[in-house]
Amino acid sequence: QVQLVESGGGLVQAGGSLRLSCVASGRTFSSYVMGWFRQAPGKEREFVAALRWSGGTTDYADSVKGRFTISRDNAKNTMYLQMISLKPEDAAVYYCAARRSVLAVTTERAYDYWGQGTQVTVSS
């Protein structure tokens, strides 16, 4: 049973930084793609970033390129999302997701497992 547990959300001022973590368990994730998505109130869930666990190649939404960095720690089975220069429009619930494939995609329905989410609030 795959489990994904996010943490690290909170309240930050615009321009500030946060690092989200996603601890993954229940599988060996070398053949998985891991992703971060977010959902703001009244909006659809949207892709933020993805990472191929094996090889570490990454992909980002245009809205976060240059500000967010996705990474992983193999020894801890943990994925991270480092966010800097946060904007009020970055405020959302952030979800960790896992896809049983080495092909990274940005489509929400392509992901097989989801965490419960962690709230990020950005004050202006």
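The structure this text deals with has already been given above.
Note that the structure is a prediction, hence the values are computed from the model and not measured.

(A) Representation of the state of the cysteines within the structure. All told, the structure shown has one disulfide when counted by the stated rule. Through a disulfide, C22 is tied to C96; the S-S separation comes to 1.9 Å. Disulfide C22-C96: torsion about the S-S bond near -65°, hence left-handed. Here C96 lies in strand β9 (residues 92-99) and C22 lies in strand β3 (residues 18-25), a separation of 74 residues in the sequence. For C22, a relative accessible area of 1% puts it in the buried group.

(B) Focus on the environment of L18. Structurally, L18 is set in strand β3. Considering only alpha carbons, one finds L18 and L81, 63 residues apart in sequence, at a separation of 8.2 Å. The residues touching L18, leaving out its near neighbours within four places in the chain, are G8, G9, G10, V12, L81, Q82, M83, L86 and V120.

(C) Molecular detail of the environment of V102. Tracing the backbone shows V102 in the loop between β9 and β10 (113-114). With relative accessibility at 48%, the residue V102 sits in the partly exposed group. Each C-alpha atom of the pair V102 and S30 lies 8.5 Å from the other, and the pair is 72 residues apart in sequence. Every residue in contact with V102, bar those within four places of it in the chain, is listed here: S31, V33 and R52.

(D) Spotlight on the sheet that holds strand β8 (residues 78-83). The strand order β1-β3-β8-β7 describes an open sheet built from four strands, whose pairing is antiparallel. The open sheet terminates on both sides in strands that have one partner only, identified here as β1 (3-7) and β7 (68-73). Direction aside, the axes of adjacent strands within the sheet are offset by 15° on average. One ladder, built from six bridges, connects β3 with β8; its direction is antiparallel. If you follow L20 over to β8, its bridge partner there is L81.

Each value, and the rule that gives it
Residues numbered from 1 in each chain as written. Predicted model: local features only at pLDDT ≥ 70, side-chain atom pairs only at ≥ 80, totals over all residues. Heavy atoms only, no water. Disulfide = S-S within 2.5 Å. Helix = DSSP H or I, 4+ residues; strand = E, 2+ residues; numbered from the N terminus. Buried < 20%, exposed > 50% of the residue type's maximum accessible area, 1.4 Å probe, protein only. Contact = heavy atoms within 4.5 Å. Pairing = 2+ DSSP bridges. Axes fitted to C-alpha atoms, helices over the stretch in contact; angles between N-to-C directions.

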